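# Working through the structure, step by step
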Amino acid sequence: MEKKKESKLIFSGVQPTGNLHLGNYLGAIKNWVKYQEDSNCIFCIVDLHAITVSENREKILDNTREVAAAYIASGIDPNKNTIFVQSNVTGHSELSWILSCHTPIGWLNRMTQFKDKAGKNKEKAPLGLYSYPVLMAADILLYKSTHVPVGEDQKQHLELSRDVAQAFNRYYNQEFFPIPEPIITGTATRVMSLKNGLNKMSKSDPSDQSRINLMDDSISIIKKIQKARTDSEPFPKSLEEMDNRPEINNLINIFSALSEDLPQNVVAQYVGKDFKFFKEDLSDLVNQKISNISTEMHKLLKDLNYLDLILKKGCQKANEIAEKNVKDLKKIIGFFEA
Ligand code: AQP
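Turning to the site of the ligand, a few remarks are in order. Around the ligand sit 23 residues in total, of which Lys117, Asp153, Ser202, Lys203 and Ser204 are the nearest. The contact in question runs from an oxygen atom of the ligand to an N or O atom on the side chain of histidine 21, over 2.7 Å. A distance of 3.2 Å separates an oxygen atom of the ligand from a polar atom in the side chain of asparagine 24. For the ligand, whose free accessible area comes to 640 Å², the fraction covered by protein is 97%. Only β1 (5-14) and α1 (22-35) provide two or more residues apiece to the shell around the ligand. Residue contributions to the shell around the ligand peak at 4 residues, all from α1. Residues of the shell around the ligand, tallied by class, amount to 6 nonpolar, 12 polar and 5 charged.

Put into structure tokens, the structure is as follows:
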């Protein structure tokens with residue numbers, strides 16, 4: 001087996017908030033699979049992030065196992081990578097506090113996800129939702145990660161992680177944290193809702209029709225794509241024509257990402273044809289790509305002993321790195337060592 005490159009450390013995660021969807025797969029998990037061949041990879045299930053929203057707290061354990069199953073079913077090899085649950089490694093919370101002391105409030109005030117999720121009721125939003133990006137910085141920096149593959153929606157949080165790393169390094173005049181690089185690749189870095197091309201496909205969208213869940217059966221997938229919103233115009237003749245047609249743009253990008261073909265080739269293939277044919281082929285394609293993952297997820301979720309063992313082993317591996325880095329960090333700060 002080829003030796004992994006020691007210098008590159010990839011970190012990423014998904015929240016166990018239920019309803020894992022095609023956006024999570026195309027924007028994140030699918031891309032991780034190819035990194036495992038030549039990089040050290042740590043894939044986390046970020047349950048501490050999930051509890052920032054009260055609706056997510058109830059099924060946290062089931063949802064945690066669902067994400068673990070999705071990672072493995074999508075092709076992430078638990079023997080080659082570290083797969084673990086965030087709350088099992090105390091270093092995340094510890095580092096989050098330390099980094100929050102180096103994060104100006106003004107930086108957090110600019111985060112659009114907090115504004116979106118808190119809505120009009122900002123005063124009642126929990127502090128954890130506001131400081132979420134600091135915890136995310138801690139997740140990444142705890143392992144001295146160098147690269148973070150994410151979907152487009154996490155770009156702003158990642159930029160904050162870079163700023164926080166730089167602020168800490170500057171303050172202590174050390175190059176302790178590497179400055180993590182975002183990896184945002186492919187034509188589906190922002191998969192949109194099937195019901196509204198201006199909203200991102202999201203686990204928390206109350207409408208199940210807005211997303212393709214990784215565990216949907218083939219009939220549901222066909223129905224959801226059939227009913228996906230389009231417009232009354234004919235199939236576009238060029239990419240430029242898609243500019244003001246967000247729903248069409250989204251479906252073509254999904255097709256392109258799943259078929260690993262360029263969007264312009266997808267357009268060329270269907271120009272002049274009825275949308276019905278495009279949607280039929282898209283349903284087949286989604287089913288073809290998702291059905292193996294879905295079957296494997298169902299199988300894994302019936303063998304909880306196996307899944308839990310993977311997460312326990314992952315916790316040990318993650319803790320080894322985290323404990324060392326937290327110790328070094330405390331030395332730099334100058335805390336008393338008991
Ligand atoms: N619609 C999307 N298109 C492309 N990538 C996406 N990701 C999420 N939605 C899309 C990427 O999936 C990874 C894990 O996301 P997360 O679990 O941290 O939560 P999120 O970004 O807040 O995603 P959701 O699905 O919308 O969850 P809820 O509704 O719970 O907030 C990330 O890499 C993300 O970029």
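Before going further, it helps to spend a moment on the nonpolar core. In summary, soluble globular proteins display a tendency toward joint burial of nonpolar side chains. Counting residues in hydrophobic clusters, the biggest one holds 57 residues, and the most contacted among them are Leu26, Trp32, Tyr71, Ile252, Phe278, Leu282 and Val286. Looking at which element gives the most residues to this core, the answer is helix α13 (residues 275-300), with 9 residues. Residues within four places of isoleucine 252 in sequence aside, it is in contact with Phe235, Pro236, Met242, Pro263, Val266, Val267 and Phe278. Ranked by size, the runner-up nonpolar core spans 39 residues in total, among them Cys44, Ala138, Tyr143 and Phe168.

Before going further, it helps to spend a moment on the packing of aromatic side chains. The full count for this structure, using the stated rule, is 17 aromatic pairs. Taken together, a centroid distance of 6.4 Å and an interplanar angle of 65° make the contact between phenylalanine 43 and tyrosine 71 edge-to-face. Of this pair, phenylalanine 43 sits in strand β2 (residues 39-45) while tyrosine 71 sits in helix α3 (residues 60-73), and the two are 28 residues apart along the sequence. With a centroid separation of 5.4 Å and 25° between ring planes, the pair formed by phenylalanine 255 and phenylalanine 278 is classed as stacked. Taken together, the residues phenylalanine 255 in helix α11 (residues 246-259) and phenylalanine 278 in helix α13 connect sequence positions 23 residues apart. Grouped by ring-pair contacts, the aromatic residues Phe168, Tyr171, Tyr172, Phe176 and Phe177 constitute a single cluster. The lysine or arginine in question, lysine 144, covers the ring of phenylalanine 176, its NZ or CZ lying 3.9 Å from the ring centre. Over the ring of tyrosine 270 we find lysine 273, and its NZ or CZ is 5.4 Å from the ring centre.

Mapped onto the fold, serine 12 is located in strand β1. When near neighbours in sequence (up to four residues on either side) are disregarded, serine 12 contacts Trp32, Ile42, Phe43, Cys44, Pro149 and Val150.

As a further point, take the pairing of β2. Of all 7 residues making up β2, 6 are buried, and the element is well covered by its neighbours. Across 4 bridges, the pairing between β2 and strand β3 (residues 82-85) is parallel. In the strand pairing of β3, isoleucine 45 is matched with valine 85.

The next thing to look at is the pattern of salt bridges. As enumerated under the stated definition, the model contains 13 salt bridges in all. The partner of aspartate 328 in a salt bridge is lysine 324, and the shortest N-O contact between them spans 2.6 Å. On the criterion of helical spacing, the pair formed by aspartate 328 and lysine 324 is a turn pair, its members being 4 residues apart in helix α14 (residues 304-333). Look at the salt bridges and you will find they share partners, linking Asp208, Arg211, Asp216 and Lys224 into a network.

Moving on, we get to helix α12 (residues 263-270). For an α-helix the count is 3.6 residues per turn, leaving residues at separations of three or four pointing the same way. Every buried residue of α12 is accounted for by Pro263, Val266, Val267 and Tyr270. The buried residues of α12 occupy an angular sector of 100° when projected down its axis, which confines them to one face. Residues of α12 that are buried sit in contact with α11 and α13. Just beyond α12, the residue with positive phi is glycine 272, at close to 85°.

Another point: the state of the cysteines. Following the criterion strictly, the structure yields 0 disulfides and no others. Just so you know, cysteine 315 is unpaired, no disulfide at all, and the nearest cysteine sulfur is the one on cysteine 44, 10 Å from it. Classification of cysteine 315 by relative accessible area gives buried; the value is 15%.

Let us look at the packing of α3 against α14. For the pair α3 and α14, the least separation of the axes is 10 Å and the interaxial angle reads 85°. Taken together, α3 and α14 sit at an angle that is classed as roughly perpendicular. Two secondary-structure elements touch here, α3 through Arg65, Ala68, Ala69 and Ile72 and α14 through Leu304, Leu307, Asp308, Ile310 and Leu311. Class assignment of the residues belonging to the contact of α3 with α14 gives a composition of 7 nonpolar, no polar and 2 charged.

Taken together, the side chains of Glu233, Glu240, Glu241 and Asp243 define an acidic patch exposed on the protein surface. By secondary structure assignment, the location of glutamate 240 is in the loop between α10 (218-227) and α11. Residue classification places glutamate 240 among the exposed residues on the basis of a relative accessible area of 58%.

What counts and what doesn't
- Residues numbered from 1 in each chain as written.
- Predicted model: local features only at pLDDT ≥ 70, side-chain atom pairs only at ≥ 80, totals over all residues.
- Heavy atoms only, no water.
- Near = heavy atom within 4 Å.
- Polar contact = N/O pair within 3.5 Å; in protein donor to acceptor, adjacent residues only side chain to side chain.
- Areas by Shrake-Rupley, 256 points an atom, 1.4 Å probe, with all protein chains shown as cover.
- Helix = DSSP H or I, 4+ residues; strand = E, 2+ residues; numbered from the N terminus.
- Nonpolar A, V, L, I, M, F, W, Y, C, P; charged D, E, K, R; others polar.
- Core = buried A, V, L, I, M, F, W, Y, C linked by side-chain atoms within 4.5 Å.
- Buried < 20%, exposed > 50% of the residue type's maximum accessible area, 1.4 Å probe, protein only.
- Contact = heavy atoms within 4.5 Å.
- Phe/Tyr/Trp six-rings, centres within 6.5 Å; stacked < 30°, edge-to-face > 60°.
- Lys NZ or Arg CZ within 6 Å of the ring centre and 35° of its normal.
- Pairing = 2+ DSSP bridges.
- Salt bridge = Lys/Arg side-chain N within 4 Å of Asp/Glu carboxyl O.
- Arc of directions from axis to C-beta.
- Disulfide = S-S within 2.5 Å.
- Axes fitted to C-alpha atoms, helices over the stretch in contact; angles between N-to-C directions.
- Parallel < 35°, antiparallel > 145°, perpendicular 65-115°, else oblique.
- Patch = residues over 30% accessible without salt bridge, like charges linked within 9 Å, V, L, I, M, F, W, Y side chains within 5 Å.
- Lys, Arg positive; Asp, Glu negative; His and termini not counted.
- Charge placed at Lys NZ, Arg CZ, Asp CG, Glu CD.

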